[in-house]
Amino acid sequence: GRIRIRGPHVARSRIDAAGFHDLVDENGWLQTNDLGHWEEGNLVFDGRADDLINCGGVKLAPDQLEERLRPQVPTGVQIAVTKVPDAHRGDGVLVALCGPQAKGQETSLRQAADSILQGLGVQAGAALHVQVVDEIPVTETGKVQRKLLAQDFTPEAAPTAAQATEVR
């Protein structure tokens, strides 16, 4: 599912103190960290491989979770999904909420995210976190900086496993 590219614009190697290192294969293809698939003759971007969430062995693309969750998000609330460490499942799922109407939406969005995850074969339980944040870090082009979002995650602000079970 990784996107590969080739052409005159693609760098063929990188250089460091040890010398040159090939970036492309023998046919000139560079494998990116972007995930994608073909749909009706068009390449569809599915997110970044390095952002993949591995929750209990099931691979999840944060972009796809956001896309499925967004229709259930009230106007004025922004969301972003990223992975956070989880001792039992490898990666947990963090749904970050931001905006003036974000406070008070945690329970309904937790239920929505849990339902979506179950549909994808993930029983997240206490590995699912919903947290209101002051801002969602983005690049100049508006791309979510998921690693920064994960760094700012505060587990003590997340509900306990018992509270997460109550929501179900």
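Residues numbered from 1 in each chain as written. Predicted model: local features only at pLDDT ≥ 70, side-chain atom pairs only at ≥ 80, totals over all residues. Heavy atoms only, no water.

Novice: Mind showing me how you'd approach the overall build of the chain here?
Specialist: Tallying secondary structure elements over the chain gives 4 helices and 10 strands in all. When the helices and strands of the chain are listed from N to C terminus, the series reads β-β-β-β-β-β-β-α-β-β-α-β-α-α. For the chain, the proportion of its 168 residues judged to be buried stands at 36%. The long-range fraction of contacts in the chain, counting pairs at least 24 apart against all pairs at least 6 apart in sequence, stands at 55%. About 10,200 Å² of surface is accessible on the chain, with carbon and sulfur atoms providing 49% of the total. (Helix = DSSP H or I, 4+ residues; strand = E, 2+ residues; numbered from the N terminus. Buried < 20%, exposed > 50% of the residue type's maximum accessible area, 1.4 Å probe, protein only. Contact = heavy atoms within 4.5 Å. Areas by Shrake-Rupley, 256 points an atom, 1.4 Å probe, with all protein chains shown as cover.)

Novice: What is the right way to read the pattern of salt bridges from this model?
Specialist: It is possible for side chains bearing opposite charge to pair when their charged atoms get close. Counted under the stated rule, the structure contains 6 salt bridges. One salt bridge in this structure joins Arg14 and Asp16, with 3.1 Å as the shortest N-O distance. Close ionic contact of Arg70 with Glu66 constitutes a salt bridge, the shortest N to O distance being 3.6 Å. We classify Arg70 as partly exposed; its relative accessible area is 44%. Counted as one network, the salt bridges with shared partners bring together Asp51, Asp63, Glu66, Arg70 and Arg146. (Salt bridge = Lys/Arg side-chain N within 4 Å of Asp/Glu carboxyl O.)

Novice: Mind showing me how you'd approach the nonpolar core here?
Specialist: A general tendency of soluble globular proteins is for nonpolar side chains to be buried together. If you look at the biggest cluster of nonpolar residues, it comprises 23 residues, and the most contacted ones within it are Leu60, Leu65, Leu69, Val93, Val95, Leu97 and Leu117. At the level of secondary structure, the elements contributing two or more residues to this core comprise strand 6 (53-55), helix 1 (62-69), strand 8 (78-86), strand 9 (90-98), helix 2 (106-119) and strand 10 (128-132). For this core, the leading source of residues is helix 2, giving 5 residues. Counting 10 residues, the second largest nonpolar core, distinct from the first, contains Val84, Leu94, Ala96 and Val133. (Core = buried A, V, L, I, M, F, W, Y, C linked by side-chain atoms within 4.5 Å.)

Novice: Could you clarify how one ought to interpret the environment of Leu117 in this entry?
Specialist: Position of Leu117 relative to the elements: it lies in helix 2. Between the alpha carbons of Leu117 and Leu60 there is a distance of 8.9 Å; along the sequence they are 57 residues apart. If we skip the residues at most four places from it in the chain, Leu117 touches Leu60, Leu65, Val93, Val122, Ala124 and Leu128.

Novice: Can you walk me through the pairing of strand 3 (residues 19-22) in this structure?
Specialist: Working note: regular strand, side chains alternate between the two faces of the sheet. Here strand 2 (residues 13-16) runs beside strand 3; their pairing, made up of 4 bridges, is antiparallel. Paired with Asp16 across the bridge in strand 3 is Gly19. (Pairing = 2+ DSSP bridges.)

Novice: Hey, could you run me through unusual backbone geometry in this one?
Specialist: Across the chain, the bulk of peptide bonds are trans and the bulk of non-glycine residues have phi less than zero. Backbone geometry places Glu40, a non-glycine residue, at a positive phi of 55°. As for its placement among the helices and strands, Glu40 is situated in the loop between strand 4 (30-39) and strand 5 (42-48). Exposure remark for Glu40: the relative accessible area of 78% places this residue in the exposed category.

Novice: Even after reading the chapter, I still don't get empty space enclosed by the protein, so can you show me in this structure?
Specialist: Over the atoms, a rolling probe the size of a water molecule traces out where space has been left empty. For the coordinates displayed, the defined rule picks out 1 cavity of 30 Å³ or more. In this structure, the largest cavity occupies an estimated 40 Å³ of space. The wall of the largest cavity is formed by Leu65, Leu69, Val81, Val93, Val95, Ala113, Ile116 and Leu117. Contributing elements (two or more residues each) for the lining of the largest cavity: helix 1, strand 9 and helix 2. By residue number, the principal contributor to the lining of the largest cavity is helix 2, which donates 3 residues. Across the lining of the largest cavity, the residue classes tally to 8 nonpolar, no polar and no charged. (1 Å grid on protein atoms, 1.4 Å probe; cavity = no way out; pocket = protein on both sides within 12 Å on 5 of 7 lines; lining within 4 Å. Points joined across faces, edges and corners; volume = space filled by probe spheres on them. Nonpolar A, V, L, I, M, F, W, Y, C, P; charged D, E, K, R; others polar.)

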